[in-house]
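Chain by chain, the residues:
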Amino acid sequence: MSLASLDSYIDDRLSPYADAVAGIVFYSVRVAGADISLIVVWLILGACFFTGYLGFVNLRGFGHAVRLVTGKVREPSRAPGEVSHFQALSTALAATVGLGNIAGVAVAVSVGGPGATFWMILAGLLGMSSKFAECTLGVKYRRVNEDGSVSGGPMHYLSRGLADRGLPRLGKFLAAFFAVCCIGGSLGGGNMFQVNQAYSQFVGATGGASSFFADKAWLYGLIVAVLVGLVIIGGIRSIARVTSKLVPLMAAVYCTAALLILILNYDRIPWAFGMIVSGAFSPEGVAGGFLGTLMQGFRRAAFSNEAGIGSAAIAHSAVKTKEPVTEGYVALLEPFIDTVVICTLTALVIIVTGVIPPPGAVNGVALTSSAFASAFSWFPAVLALAVNLFAFSTLVAWSYYGSKCWAYLLGENRMLDILFKLIFCGFVVIGATMNLESVLEFSDSMIFAMSLANLAGLYILAPVIRTALRDYEARGLSKR
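One numbering rule holds for all chains: residues counted from 1, following each sequence as written. Only residues with pLDDT of at least 70 get local features here, since the model is predicted, and only at 80 or more are side-chain atom pairs given and counted; chain-wide, interface and lining totals rely on the full set of residues. The side-chain quantities take in all heavy atoms of the structure and omit both hydrogens and water.

A. Region of the structure containing the overall build of the protein chain. The helix and strand labels rest on DSSP assignments: H or I over at least four residues marks a helix, E over at least two residues marks a strand, and numbering proceeds from the N terminus. The number of helices and strands found in the protein chain is 20 helices and four strands. Burial analysis of the protein chain (480 residues in total) assigns 57% to the buried set. Partitioning the intrachain contacts of the protein chain with sequence separation of at least 6 by distance along the chain shows that 84% fall at a separation of at least 24. Methods summary: accessible areas were calculated by the Shrake-Rupley approach with a probe of 1.4 Å, and residue burial reflects only the protein chains presented. Of the roughly 18500 Å² that the protein chain leaves accessible, carbon and sulfur atoms contribute 66%. Throughout this description, buried means an accessible area under 20% of the type-specific maximum (1.4 Å probe, protein chains only), exposed means over 50%, and partly exposed covers the range between. Contacts are assigned to residue pairs with any non-hydrogen atoms lying within 4.5 Å of each other.

Shown next as structure tokens:
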């Protein structure tokens, strides 16, 4: 059986189950000609709630967050944890900054028009509050093991936090549900999809059909798997050391290219912003009109920054601090960098270069590539580098998320931890060699299903979050 026929065989067997799960998780209702995804509404409502409930902490806490990340606010030297604020933020960003910022934004602009960018930015700003809430709880309810390692995230604050609120059974159920979904998401969307797309870009940039790797996907996957294994075997400390260097590098490469194009087209920037604002409220030729544009912006922001999903809280829980609220502040920078900065730069480049296709045409990464290539013929090579860096960083970050959920379900055990990491690396090779659409659709469903348990728990624990924030502010710590 050939590899292609094996792909088809597995897809045919799994598709009914994947379609059924995706149909539930991504269920949409049609309103005024627009498809409204209920899971996206669930995430946006959560972001709106915590923005108001926590007194717009996403805006007033921005300066303090920057001071924490840059080290201007000193933590006690003996604070429990494994990584610095900057390393925790880098690891979480490694999981979210990726193909969503390149291909996802292009889809939003091509389907929803330039106006989708406005709603994407708004969703990013609101999502900062969701990240604050979940990462504050991640540190508050984390478990520090005897060897100094840390286990935290929604699994722990759902089980322990809800038990404190008199709901132990609900807490255990939601925690287990979250952990199972996270493992599924880490092996699919956080692994197979990333390496599959990275391989496609890599082959295209190295000669296409004439590339040495054109018929050697297995070799590419094996090389990436070995590199990933070398990083993740050392746990969060090793992952954080890599991501703290890789994330700034990949962001600098991508953003520098984007800024150069915007500088070359500086005279069109005011026009582009005008298109974004006018298109947000009076879109022309977009399916579903205003609601269609709004939903595309919100959807791509949610897919990109994962605010409300709960995944980032796993990485942020490992920070060295005695004050849980400090990591809530640091985490709110994540949607800002991911969505408000990087996604907006991508959208502006697409708009000012004039490569926007007719409404409804979906081009993804090819659209972004052609936008950059219109100014720099060599940009496809830079894009291939960016995609591979984004994919690698996402792989190592999601391996940590999956391993912590694996440990929560099966217990903290060195051999079990190594077993999961071997399985994860095996899926890297599978992801490079096979295009299993049904597996990827199922894993995407798993990632967004995480938000069902996470946000339900956040609502119940909202008073705990606000009390912790008010106590922190009352001691004058937010003014440091």
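Next comes the rest of the description.
B. Here's a closer look at helix α10 (residues 217–232). Given a rise of 1.5 Å per residue, 16 residues ought to cover 22 Å, and the 22 Å separating the end C-alpha atoms of α10 matches this to within 8%. Along α10, the residues classified as buried are A217, Y220, G221, V224, A225, V228, G229, V231 and I232. Viewed end-on, α10 has its buried residues packed into an arc of 165°, placing them on one side of the element. Against α9 (168–205), α11 (235–264), α18 (379–410) and α19 (414–433) lie the buried residues of α10. Here, expected helix span is obtained from the residue count minus one, scaled by 1.5 Å. Directions drawn from the helix axis to the C-beta atoms are what define this arc.

C. Summary view of the environment of V150. Looking at the secondary structure, you find V150 in strand β4 (residues 150–151). Overall, V150 belongs to the buried group, its relative accessible area being 1%. The spatial distance from the C-alpha of V150 to the C-alpha of V319 is 8.7 Å, given a sequence separation of 169 residues.

D. Just the state of the cysteines, in detail. Note on terminology: pairs of cysteine sulfur atoms within 2.5 Å are recorded as disulfides. Counted according to the given criterion, the structure contains zero disulfides. This cysteine, C405, is not joined by any disulfide, and C182 carries the nearest cysteine sulfur, 3.5 Å off.

E. The arrangement of unusual backbone geometry in detail. Positive phi is not limited to glycine here, since F56 has a value of about 55°. Locating F56 in the fold gives a position in the loop between α2 (38–53) and α3 (57–60). For F56, a relative accessible area of 48% corresponds to the partly exposed category.

F. Examining the nonpolar core more closely. Ranked by size, the top nonpolar core spans 144 residues in total, and within it F132, F178, V228, Y254, Y329 and Y401 carry the most contacts. For this core, the leading source of residues is α18, giving 17 residues. In this structure, Y401 is in contact with T91, A92, A95, C182, S311, A312, I314 and A315, ignoring residues within four places of it in sequence. Here, nonpolar core refers to any group of buried Ala, Val, Leu, Ile, Met, Phe, Trp, Tyr and Cys residues whose side-chain atoms link them within 4.5 Å.

G. Representation of the packing of aromatic side chains within the structure. Within 6.5 Å between ring centres, the rings of Phe, Tyr and Trp (the latter by its six-membered ring) count as paired, and their orientation is classed by plane angle as stacked under 30 degrees, edge-to-face over 60, tilted in between. A full pass over the atoms with the stated rule returns 16 aromatic pairs. Judged by centre distance (5.9 Å) and plane angle (65°), the rings of W42 and Y459 are edge-to-face. With W42 in helix α2 and Y459 in helix α20 (residues 437–474), this pair connects stretches of sequence that are 417 residues apart. In this structure W42 comes out as partly exposed when scored by relative accessible area, which is 26%. Chaining the aromatic ring pairs together yields one cluster made of W42, F49, F50, Y53 and Y459. In our convention, an over-ring charge means Lys NZ or Arg CZ found within 6 Å of a ring centre and within 35 degrees of that ring's normal. The aromatic ring of Y141 is capped on one face by K140, whose charged end is 5.8 Å from the ring centroid.

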